[in-house]
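Inside the fold
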Amino acid sequence: MAVWGPFRFTSSAVCSHCGSIRYTVERQFPFTTVPYWRSRSIESTPLSDSVGGLLTSRDHTWQFAHGGGNGVRCALGEGRSLLQCTDSALLIGFLEATKQHSGADAARHYLNLALDPTHSEAFMLWLAVSGFQPDTHRDPAAYAAWFQAAVPQAPEFGNFPLLPADQHESSTAG
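Just so it is clear, the model here is predicted, and its values are computed rather than measured.

This model, assessed by the stated rule, comprises 13 aromatic pairs. The interplanar angle of 80° and the centroid separation of 6.3 Å between the aromatic rings of Phe-94 and Trp-126 together place this pair among those described as edge-to-face. Here Trp-126 lies in helix H4 (residues 120–129) and Phe-94 lies in helix H2 (residues 89–102), a separation of 32 residues in the sequence. Note on accessibility: Phe-94 and Trp-126 belong to one class, buried. Aromatic pair Trp-126 and Trp-146: ring centres 5.8 Å apart, planes at 45°, arrangement tilted. Here Trp-126, found in helix H4, pairs with Trp-146, found in helix H5 (residues 140–150); they are 20 residues apart in sequence, far enough to count as distant. Assigned by exposure class, Trp-126 and Trp-146 land together as buried.

Shown next, in the form of structure tokens:
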């Protein structure tokens, strides 16, 4: 049955909840997208390994990132923007510092922003140019000073809710 062998589609997806990656290989009937065999594997990433304490459930929500094969050269999905987050030492350091200085709810808010396909690119760009330094901002005073300076920059990079709802209400009340 060698005729069935080359009709293979491979793809990856990112979990928008924890940052794990799922790889899929499908053998498809020739000239169709109908699979007759499928293999999947889920791999942890540096991000998914670091956020275990922030997760409220262990369910995965997969966002298709990319794939190809069986006549498809390049299939792209919303999850492709999440790939940059899965091994970002900057994001991991930011989440750890935020959890330490602002609490798990705030860190969870930023994890959700980073893994939201509609906000991920803008959020990661903001974080990259914000001046955050994982080693420097372990100190509470340095983190607070950085955050006060960085928040006004956020609207320049995209329309995303930078402050968690409870912080936004307290910052606009005064």
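Where nonpolar side chains cluster on the molecular surface, the patch consists of Phe-29, Val-34, Tyr-36 and Trp-37 and spans about 380 Å² of accessible area. When you line up the elements, Val-34 lands in the loop between strand S2 (21–28) and strand S3 (35–43). Exposure remark for Val-34: the relative accessible area of 44% places this residue in the partly exposed category.

This paragraph deals with the nonpolar core. By size, the foremost hydrophobic cluster in this structure holds 37 residues, and its most contacted members are Leu-47, Leu-91, Phe-94, Tyr-110, Phe-123, Trp-126 and Trp-146. Among the elements that take part in this core, helix H3 (residues 104–114) stands out by supplying six residues, more than any other. With residues up to four places along the chain from it excluded, the contact list for Leu-47 reads Cys-18, Gly-19, Cys-85, Thr-86, Leu-91, Ile-92, Leu-95, Leu-111 and Leu-115.

Time to look at the pairing of strand S1 (residues 8–15). Among the eight residues of S1, six are classified as buried, and the element is accordingly described as predominantly covered. Alignment of S1 against S2, held across seven bridges, turns out to be antiparallel. When the bridges of S2 are listed, Val-14 appears paired with Ile-21. Between the end of S1 and the start of S2, which pair antiparallel, lie five residues, with Gly-19 showing a positive phi angle near 90°. Across six bridges, S1 lies against strand S4 (residues 62–69) in antiparallel orientation. Bridge pairing in S4 places Thr-10 opposite Gly-68.

This paragraph deals with the packing of H2 against H3. It is at 7 Å that the axes of H2 and H3 come closest, and there the two elements cross at 155°. The orientation of H2 relative to H3 falls into the category roughly antiparallel. From H2, Leu-91, Phe-94, Leu-95, Thr-98, Lys-99 and Ser-102 reach across to H3, where they touch Ala-104, Ala-106, Ala-107, Tyr-110, Leu-111 and Ala-114.

Attention shifts here to the pattern of salt bridges. Taken as a whole, this structure holds three salt bridges when the rule is applied. Ionic pairing is found between Arg-38 and Glu-26, a salt bridge with its closest N-O pair at 2.8 Å. With Arg-38 in strand S3 and Glu-26 in strand S2, this residue pair connects regions lying 12 residues apart in the sequence. Taking relative accessible area as the criterion, Arg-38 reaches 42% and is therefore assigned partly exposed. The closest approach of N and O atoms between Arg-108 and Asp-105, which form a salt bridge, is 2.6 Å.

Rules of the game
- Residues numbered from 1 in each chain as written.
- Predicted model: local features only at pLDDT ≥ 70, side-chain atom pairs only at ≥ 80, totals over all residues.
- Heavy atoms only, no water.
- Phe/Tyr/Trp six-rings, centres within 6.5 Å; stacked < 30°, edge-to-face > 60°.
- Helix = DSSP H or I, 4+ residues; strand = E, 2+ residues; numbered from the N terminus.
- Buried < 20%, exposed > 50% of the residue type's maximum accessible area, 1.4 Å probe, protein only.
- Patch = residues over 30% accessible without salt bridge, like charges linked within 9 Å, V, L, I, M, F, W, Y side chains within 5 Å.
- Areas by Shrake-Rupley, 256 points an atom, 1.4 Å probe, with all protein chains shown as cover.
- Salt bridge = Lys/Arg side-chain N within 4 Å of Asp/Glu carboxyl O.
- Core = buried A, V, L, I, M, F, W, Y, C linked by side-chain atoms within 4.5 Å.
- Contact = heavy atoms within 4.5 Å.
- Pairing = 2+ DSSP bridges.
- Axes fitted to C-alpha atoms, helices over the stretch in contact; angles between N-to-C directions.
- Parallel < 35°, antiparallel > 145°, perpendicular 65-115°, else oblique.

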